[in-house]
Amino acid sequence: MFTKKIIIKSEKDTINLAKKIGPLLKKKDIVALNGDLGAGKTFFSRALIRNLSNNDTQEVPSPTFTLVQFYDLPEFTLWHFDLYRIKHPEEVYDLGWEDACYDGVVLVEWPQKLEHLTPKDRLEIEISFEENSSNRIALIKGYGEMKERLNGINL
């Protein structure tokens, strides 16, 4: 497993992290975003999608109520899931999970809701609040094939 801790001091730092992660992604990748409410998961998602679409004004609504949004990007379709409101892991199949995993890139907020369905190969980003500070901490973990790709970049 690859692990790296990054201190995020500003929104610009979050955007820069998304710009470094974006070029690593290819079809069938899973990006799992963990963190408390308000930690910055959706902000990171917006930055990543805007970077991948080469459009800084791309509309990127939170999928909190729709549960999934997808974006046809130049290299692949990105599926943005927010699983906060699901009750059982199998509910993801009703949202197009299999299609997303087969032919797109999956960006999933609240991935712990997947439980036993969590893919082995994945990039995991946990965003947390730094104690006694306005900073956030991004803990980047790479599993499986993603571990090798992460070893090759400077985060």
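Located above this text is the structure these notes cover.
Residues numbered from 1 in each chain as written. Predicted model: local features only at pLDDT ≥ 70, side-chain atom pairs only at ≥ 80, totals over all residues. Heavy atoms only, no water.

Engineer: Can you help me understand the nonpolar core in this one?
Structural biologist: Nonpolar side chains tend to gather and get buried jointly when the protein is soluble and globular. Among the nonpolar cores identified, the biggest contains 31 residues, and Leu-17, Ile-21, Phe-44, Leu-78, Ile-125, Ile-140 and Leu-150 are the most heavily contacted of them. Broken down by secondary-structure element, the contributors of at least two residues to this core are strand 1 (2-8), helix 1 (11-21), strand 2 (30-35), helix 2 (41-53), strand 5 (104-109), strand 6 (122-129), strand 7 (136-143) and helix 4 (145-151). Among the elements that take part in this core, helix 2 stands out by supplying five residues, more than any other. Beyond its immediate sequence surroundings of up to four residues, Ile-125 is in contact with Val-31, Ala-32, Leu-33, Asn-34, Phe-44, Ala-138, Leu-139 and Ile-140. (Core = buried A, V, L, I, M, F, W, Y, C linked by side-chain atoms within 4.5 Å. Buried < 20%, exposed > 50% of the residue type's maximum accessible area, 1.4 Å probe, protein only. Helix = DSSP H or I, 4+ residues; strand = E, 2+ residues; numbered from the N terminus. Contact = heavy atoms within 4.5 Å.)

Engineer: Hey, could you run me through the environment of Glu-130 in this one?
Structural biologist: Checked against the element boundaries, Glu-130 lands in the loop between strand 6 and strand 7. The spatial distance from the C-alpha of Glu-130 to the C-alpha of Ile-7 is 8.4 Å, given a sequence separation of 123 residues. When near neighbours in sequence (up to four residues on either side) are disregarded, Glu-130 contacts Ile-7, Asn-135, Arg-136 and Ile-137. Within the local environment of Glu-130, its side chain forms a polar contact with the side chain of Ser-133, the two groups lying 3.1 Å apart. (Polar contact = N/O pair within 3.5 Å; in protein donor to acceptor, adjacent residues only side chain to side chain.)

Engineer: Mind showing me how you'd approach the pairing of strand 5 here?
Structural biologist: Two faces belong to every sheet, and in a regular strand the side chains alternate between them. A large share of strand 5 lies buried, amounting to six of its six residues. Sheet analysis places strand 2 next to strand 5, joined by four bridges and oriented parallel. Following the sheet pairing, Leu-33 is matched in strand 5 by Glu-109. Both strand 4 (residues 77-82) and strand 5 contribute to a ladder of six bridges, which runs parallel. Bridging from a neighbouring strand, Leu-78 pairs with Val-105 of strand 5. A crossover connection joins strand 4 to the parallel strand 5 through helix 3 (residues 97-103); in handedness this β-α-β unit is right-handed. (Pairing = 2+ DSSP bridges. Right-handed = clockwise from strand over helix to strand, strands pointing away.)

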